[in-house]
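Take a look at the letters that make up each chain.
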Amino acid sequence: MSFRLLRADPRAGRAATHRPATIALWCVVSILLTSCAALGIGGDDEEGAEGGGNEIVFWSSHGQPDIGYFEDMVADYNATDPDSPVRLQRVTGEETDVAQLMTAVRGGTGPDAYLLDRFTVAQRAEAGLLQPLAPYMEEEGGVDEFESRYIDFAWAEALFEGEPYALPMDTDTRALYYNKTMLEDAGVDVSEFDPANGPMTLDRITEISEQVNETDDSGAYTMMGFIPWYDQGWHYTWGFDFGGSFYDPDQCQVTPTDAEIQEAFQFLYDYANQFDPKKVQSFLSTEAQCTGPMTCEAIPPAQHPFITEKLALNITGNWFIKTIEQYAPDLDYGVTYIPTPSDRQDQPSTWAGGWSVVIPEGAQNPDGAWEFIQWWAGEPGQRAYYEKNAALPTLTELLGDESLFEGNLKLFGDLTDVAESRPALPVGALYWDELTAAQEAILLNRDQPAAVLEQVESRVQPQLEEFCPLQ
Amino acid sequence: VAASNVASRRRSGRRRLGAIERRNLRLGLLFIGPWIIGFLAFLVYPILSSLYFSFTDYSGFGEAEWVGLSNYSRMISDDLFWKSLGNTFYYTALAVPIGVVVAIVLALAMNQPLREVALYRAALYLPSVLPIFALAFIFVWILNPRFGLVNHVLNILGFDSIDWLGDPTWAKLSIVLLAQLGAGQYALVFLTSMRTIPTSLYDAAKIDGAGGWRQFRNITLPLITPIILYDIIIGISLGLQVFTPAYVMTAGGPNNATMFYVLYLYRNAFRYGDMGYASAMGWVLLLVSVVLALAVFRTSQRWVHYEME
C-alpha cells in the first residue's frame, strides 16, 4: 500500500514531497520490524534476546542474604558443566505475590525455573501457571521414586490434586532466639532459657520482657524484651502454639475461629494492650521500618533489631543462625523453644515451611530446567543451601543425618519431628493475607479476636468452596 | 453507513475531498498509523478484553469461565472492597484540593520577578522528575518516628512525635503528603497560564489601588480557573488510581488503612489469581471516575472563566 502511494503521484517532486511519505513509511517499517523482533517472528535467531541459546533462566524474588547464596549455588551448578548453564535473575515479588512471574509467563517471556514458596504451589498450579512434573519423572524412575526421597509434609505441599508440580528445596522451623548479654544486663538468669528445661511459659516471658524494656524521656521504647508478632511471630506460629487447627480436611473448611486460635489471638491482643499498641508500633516503625504490626519492609539484615541489639527475644527460623554469623558474629545468643501457654509446656510447637523450585508454563528450555531443578532440590543443592543458610533439608536421607545438626541448629532439626505445616490450599495466599490483616487489627487493639477471625472465615471459605472437595 | 455519510455531509455541507486532500488524508493516516496500531493493540484491545473477563472466572491462564454478573455482585458483600473504595475517596478528597493549593503557591513562587528565579523553578520542579518509587523510599526515612526529619521539626515546635506510617490515622495523610512532592508538574502548568495574563490588567489594578492579595484574588485566580479545572480532573483520575506509595511503603497497612482500590485490585489479580474479579473492579473504578469527572464539569460552569468574548 505504501509503495503504491509513493508511485501514485507522478507530479510530486522527488525530494520535497516524497519526504513526509518516506518518513512515515520508515516509521511504520521500523515499528513493524521492532515488533516482529519482540514477537520472535523474525526467524529462529532468539539468542540475541536471551543470551545463550540453551541457557536456563532462573528467577528468584529473594533479597539479601539469600540471593547471594543462590548466586554461589548457581555458580556451583554451572561448574558441573551442564548441557544448559543457568542464569539467576532477581525479580520483584514476595511469598504470595508472583505478579512478575504471571505477567511474564502470560506474555511468553517467563523463566525456565522459579523459586516458589511451597505452600502456594497448589494455588499456582490450580491457576495454570506451573507445569506438572510427572511426565519428567517418568523417565527417572517415576513419581513414587521422587516421593520416597522427600519428607512427607514437604512432598504433600508440592502437590495439586495429587500431582507433583514442584520439587521441595528446603524446610525450616521456628524457635526463640535470645540475646544473653541483653538479658543479663537486665538481671535475668539466662540458664532459664536452656532448651533442656523445655519451653518457657508465656507469663514468664512477658515478665522478662518487661524487665528488659527501656524507654526515653518521652516514654518511647528504645529497647524491648519481646514482641511476639515480630519477624516469624505469625498467626500460624501462635495458632499452632496454642494447639489450634486451621483447616478441617473432612469438611473442606477453613477453621480460623477454632477456640485455640482465638485464645492465641487473645494472648496477642492482651500483650499489645499491656505494652501499649501505639508505643510498640512506634518502636517497630523506628527500629525495623514496619508500617504496621505485621507489615515490615524487607530491611537489610544488618538493621534487624535483634542484630542491632534493640530486641532481646525474637522468634525466627534456622536461617537466622547464618544471618547472625555474617552480620553480628560477636552476638552472644542462644535458641530455645517458642514459649507456650502454661498448660502446654510439655508440647513444644513450631511450624515448618520452605521453598520449592518449579518449571513455569511456557518455559523455553524445560528439559534443561528439569535437569537443573533435580540438582537444586537434590542432594548437591540441598547440601549447599544447608551450608550457606543453615537450611534444613527436605531429603529424608539428609535430614536423618544427625552430624549435620550441631550447636544451635540441633534444636531446629529436632523440631522437625513436632512441626506443623500450613494447610496447602488453593486459596493459601488469600488465607495467609486475611489472617495477617486480622492479626494486625487485634495488635492495634482495634478489634476483638472473635470478630476478626469470623471475618477471615467469611472471606476465605466462599473462595475455597469453589475447589471443594479437595483431593 | 451510506445514509449516515449523506447525513453528515448534508449537515456540515462538506464537498467531496479533492485529490490533494485525499492524499493529505492518506499521508496523515500513515503518519499516525503507528499510534493507531498502538492504540488499538495496547489500549482498545485490553480494555475490551477486560470488560469480557469481568464477566468470567479467570486466573489469567487457561479457559475463562462465564459467570455473568457474579463478580459485580460479589463486590457488594466484600467489606474490603468498600473499605478500599472509602480509603481511595478519602485520599482523593484530601490530595486533590491540597495539591491544587500547593501547585498554585509553587507557581506563584516560580513567577517572582527575581534574577535567580530559574534556579528556584528548577529546585521546586526537581522532586517531580524523581520516580515516585524512589521518593517513597526516602519518605520512609523522613517519616521515621524517632529519627525522621519531620518528627524532629515537630518536636522542636513542641509537638509530640507521630508514628506517620504505623498509625492507621496518619498513614493516609502521609501518602497525601508524599503526593505533594509531585506538585511541581502542575505548578509548571499554572505558571504558564499565569505568564499569559496580560500585565496591563495588573497595571490597571495597581492604579486602582489594588494590593497583592486583591490582584491575586480578582485577576490571577479567575484567569487560571481553566487550569484549576484541568488540575482537578486529572487529580481525581490519578487520585483514584493511587497505588505506588502504598505498594512501596505500607503494603496496604496498617490495618488496611492504606488499602487503596487499585492496590486491592492488584492483589486480587496477582496474588489470588482472580483476574475476573480484578477486571470487574477496574470497570467499576472507571464508572466512578467518569461520574466524578462529569460532576466536576457540571459545577465548573459556575466557577471557571474562559477568556471568550
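Each remark here, short or long, concerns the structure printed above.
Residues numbered from 1 in each chain as written. Chains lettered and ligands numbered in written order. Predicted model: local features only at pLDDT ≥ 70, side-chain atom pairs only at ≥ 80, totals over all residues. Heavy atoms only, no water.

Student: Residue-level account of the overall build of chain A, with values.
Tutor: On a plain count of helices and strands, chain A comes out with 21 helices and 18 strands. Counting the 471 residues in chain A, one finds 57% classified as buried. By sequence separation, contacts in chain A at least 24 residues apart represent 75% of the contacts at least 6 residues apart. (Helix = DSSP H or I, 4+ residues; strand = E, 2+ residues; numbered from the N terminus. Buried < 20%, exposed > 50% of the residue type's maximum accessible area, 1.4 Å probe, protein only. Contact = heavy atoms within 4.5 Å.)

Student: Describe in detail the overall build of chain B, supporting the description with residues and values.
Tutor: In terms of regular secondary structure, chain B is built from 15 helices and two strands. Here chain B has a C-alpha radius of gyration of 25 Å; the compact-globule value for 309 residues is 19 Å, and the former is much larger. Its C-alpha atoms give chain B principal-axis dimensions of roughly 70 × 55 × 35 Å. By residue count, 43% of the 309 residues in chain B fall in the buried class. When the accessible area of chain B is evaluated, it comes to approximately 17300 Å², of which 68% is carbon and sulfur surface. (Rg over C-alpha atoms; globule rule 2.2 N^0.38 Å. Areas by Shrake-Rupley, 256 points an atom, 1.4 Å probe, with all protein chains shown as cover.)

Student: Would you mind going over the packing of aromatic side chains in detail, with residue names and values included?
Tutor: Under the defined criterion, the tally for this structure stands at 51 aromatic pairs over all chains. Note on B:Phe55 and B:Tyr72: the rings are 5.5 Å apart at their centroids and 40 degrees apart in plane angle, and the pair reads as tilted. Placement of the pair is B:Phe55 in the loop between helix H2 (19–53) and strand E1 (56–57) and B:Tyr72 in helix H3 (residues 70–76), with a sequence separation of 17 residues. Take B:Phe55: its relative accessible area is 21%, and that puts it in the partly exposed class. The rings of A:Phe119, A:Trp234, A:Tyr236, A:Phe240, A:Phe246, A:Trp351, A:Tyr431 and A:Trp432 are connected pair by pair, giving a single aromatic cluster. The ring of B:Tyr90 carries B:Lys172 above its face, with NZ or CZ at 5.0 Å from the centroid. (Phe/Tyr/Trp six-rings, centres within 6.5 Å; stacked < 30°, edge-to-face > 60°. Lys NZ or Arg CZ within 6 Å of the ring centre and 35° of its normal.)

Student: With reference to specific residues and values, describe the pattern of salt bridges.
Tutor: As enumerated under the stated definition, the model contains 18 salt bridges over all chains in all. A salt bridge links B:Arg74 to B:Asp274; its shortest N-O distance comes to 2.9 Å. Of the two residues, B:Arg74 is situated in helix H3 and B:Asp274 in the loop between helix H14 (261–271) and helix H15 (275–303); the sequence distance between them amounts to 200 residues. The exposure class of B:Asp274 is buried, given its relative accessible area of 11%. Three or more residues are tied together by salt bridges with common partners; here these are A:Glu94, A:Asp433 and B:Arg271. (Salt bridge = Lys/Arg side-chain N within 4 Å of Asp/Glu carboxyl O.)

Student: Can you tell me about the interface of chain B and chain A, naming the residues and giving the values?
Tutor: In this assembly, 47 residues from chain B lie in contact with 56 residues from chain A. Surface buried jointly by chain B and chain A totals about 4000 Å² across both partners, of which 55% is contributed by carbon and sulfur atoms. Across the chain B-chain A interface, the total number found is five salt bridges. Linking B:Arg271 and A:Glu94 is a salt bridge whose minimum nitrogen-to-oxygen distance equals 3.3 Å. (Buried area = accessible area lost by both parts, 1.4 Å probe.)

Student: Please give an account of a nonpolar patch on the surface that cites residues and values.
Tutor: Residue and element names in this part refer to chain B. On the surface, a nonpolar cluster with roughly 1000 Å² of combined accessible area is contributed by Leu17, Leu25, Leu29, Phe31, Ile32, Trp35, Phe39, Leu40, Leu43, Ile47 and Leu48. Locating leucine 40 in the fold gives a position in helix H2. Taking the relative accessible area as the measure of exposure, leucine 40 reaches 46% and is therefore partly exposed. (Patch = residues over 30% accessible without salt bridge, like charges linked within 9 Å, V, L, I, M, F, W, Y side chains within 5 Å.)

Student: I'd love a proper account of a negative patch on the surface, names of residues and values included.
Tutor: Residue and element names in this part refer to chain A. Judged by side-chain charge, Asp81, Asp83, Glu138, Glu139, Asp144, Glu147, Asp152, Asp367 and Glu371 come together as a negatively charged surface patch. Among the elements of the structure, helix H8 (142–149) and helix H16 (366–376) are those that each provide at least two residues to the negative patch. Mapped onto the secondary structure, aspartate 144 falls in helix H8. (Lys, Arg positive; Asp, Glu negative; His and termini not counted. Charge placed at Lys NZ, Arg CZ, Asp CG, Glu CD.)

Student: How would you sum up the packing of helix H9 (residues 183–195) of chain B against helix H12 (residues 225–240) of chain B? Please name residues and give values.
Tutor: Helix-helix packing is characterised by the crossing angle of the two axes and by the distance between the axes. Residues and elements named next belong to chain B. One can describe the packing of H9 onto H12 by two numbers: an axis separation of 10 Å at closest approach and a directional angle of 165 degrees. Taken together, the axes of H9 and H12 lie roughly antiparallel to each other. Once H9 is placed against H12, the crossing between them reads as right-handed. The residues of H12 that touch H9, namely those facing Tyr186, Val189, Phe190 and Ser193, are Ile227, Ile228, Tyr230, Asp231, Ile234 and Leu238. In terms of residue class, the contact of H9 with H12 is made up of eight nonpolar, one polar and one charged. (Axes fitted to C-alpha atoms, helices over the stretch in contact; angles between N-to-C directions. Parallel < 35°, antiparallel > 145°, perpendicular 65-115°, else oblique. Left-handed = near helix turned anticlockwise from the far one by under 90°. Nonpolar A, V, L, I, M, F, W, Y, C, P; charged D, E, K, R; others polar.)

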